[in-house]
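# Fold and geometry: a report
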Amino acid sequence: MRLGRRYGMKVWFGIVLFVLSSSVLAQAKDYWADLSDVELFEMVCNTCHSTALPKQQRLNREHWEWVISDMINDQGCNFLPDKHMQRILDYLVENYGPNRDAGRSKY
Ligand code: HEC
């Protein structure tokens, strides 16, 4: 059996489309990377509750790590790739560490 010429063209077109679209998907953009650390924090940690929750805390790195792993493992904040979650952790340690003036309004 010989495929009709038109049908054969359709198959080729389908293959070309498939190859093109899969290479586009393979290069899927890492949208999180476009956000600054503070934007990332404001967006991600605002998903389920106000960022007032973390902002009213002054914690050292160890305790922020605990909060973050609690959010990831127990509260369902598991959609962010690790390397970006690490940026949020560094941001929190830097800006909401124990030496920061707890009375200063950041809201
Ligand atoms: C998927 C939902 C979700 C996301 C996203 C989320 N949280 Fe939470 N978070 C919760 C829930 C639910 C609670 C309340 C837990 C409780 O009552 O013990 C909470 C509570 C908190 C608290 C209060 C202290 C505590 O442990 O109860 C802090 C601080 C906190 N979150 C920080 C963060 C930070 C920082 C981020 C961003 C990395 C974040 N959260 C993202 C669900 C989320």
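Quick notes on the rules
- Residues numbered from 1 in each chain as written.
- Predicted model: local features only at pLDDT ≥ 70, side-chain atom pairs only at ≥ 80, totals over all residues.
- Near = placed C-beta within 6 Å.
- Helix = DSSP H or I, 4+ residues; strand = E, 2+ residues; numbered from the N terminus.
- Nonpolar A, V, L, I, M, F, W, Y, C, P; charged D, E, K, R; others polar.
- Axes fitted to C-alpha atoms, helices over the stretch in contact; angles between N-to-C directions.
- Parallel < 35°, antiparallel > 145°, perpendicular 65-115°, else oblique.
- Left-handed = near helix turned anticlockwise from the far one by under 90°.
- Contact = placed C-beta atoms within 7 Å.
- pLDDT = per-residue confidence, 0-100.

Moving on to the site of the ligand. With respect to spatial proximity, 16 residues lie near the ligand, and among them Cys45, Cys48, Gln75, Gly76 and Cys77 are the closest. Those elements that provide at least two residues to the shell around the ligand are α3 (52–55) and α4 (61–73). At four residues, α4 tops the list of elements feeding residues into the shell around the ligand. Partitioned by chemical class, the residues of the shell around the ligand number ten nonpolar, five polar and one charged.

As a further point, take the packing of α4 against helix α5 (residues 82–95). In the contact formed by α4 and α5, the axes pass within 10 Å of each other and the chain directions differ by 140°. By the angle between their axes, α4 is oblique relative to α5. For the element pair α4 and α5, the recorded crossing hand is right-handed. Counting all contacts with α4, which are made through Arg61, Trp64, Glu65 and Ile68, the residues of α5 involved are Met85, Leu89, Leu92 and Val93.

A few words on the confidence of the model for the protein chain. Scored by pLDDT, the protein chain comes out at a mean of 86, with 83% of its residues at no less than 70. Across the protein chain, element-level confidence peaks in α4 with a mean pLDDT of 98 and bottoms out in helix α1 (residues 5–26) with 71.

This part covers the packing of helix α2 (residues 37–44) against α5. Where α2 contacts α5, the axes come no closer than 9 Å and their chain directions differ by 100°. Here α5 runs roughly perpendicular to α2, going by the angle between their axes. For the pair α2 and α5, the contacting residues are Asp37, Val38, Leu40, Phe41 and Val44 in the first and His84, Arg87, Ile88 and Tyr91 in the second.

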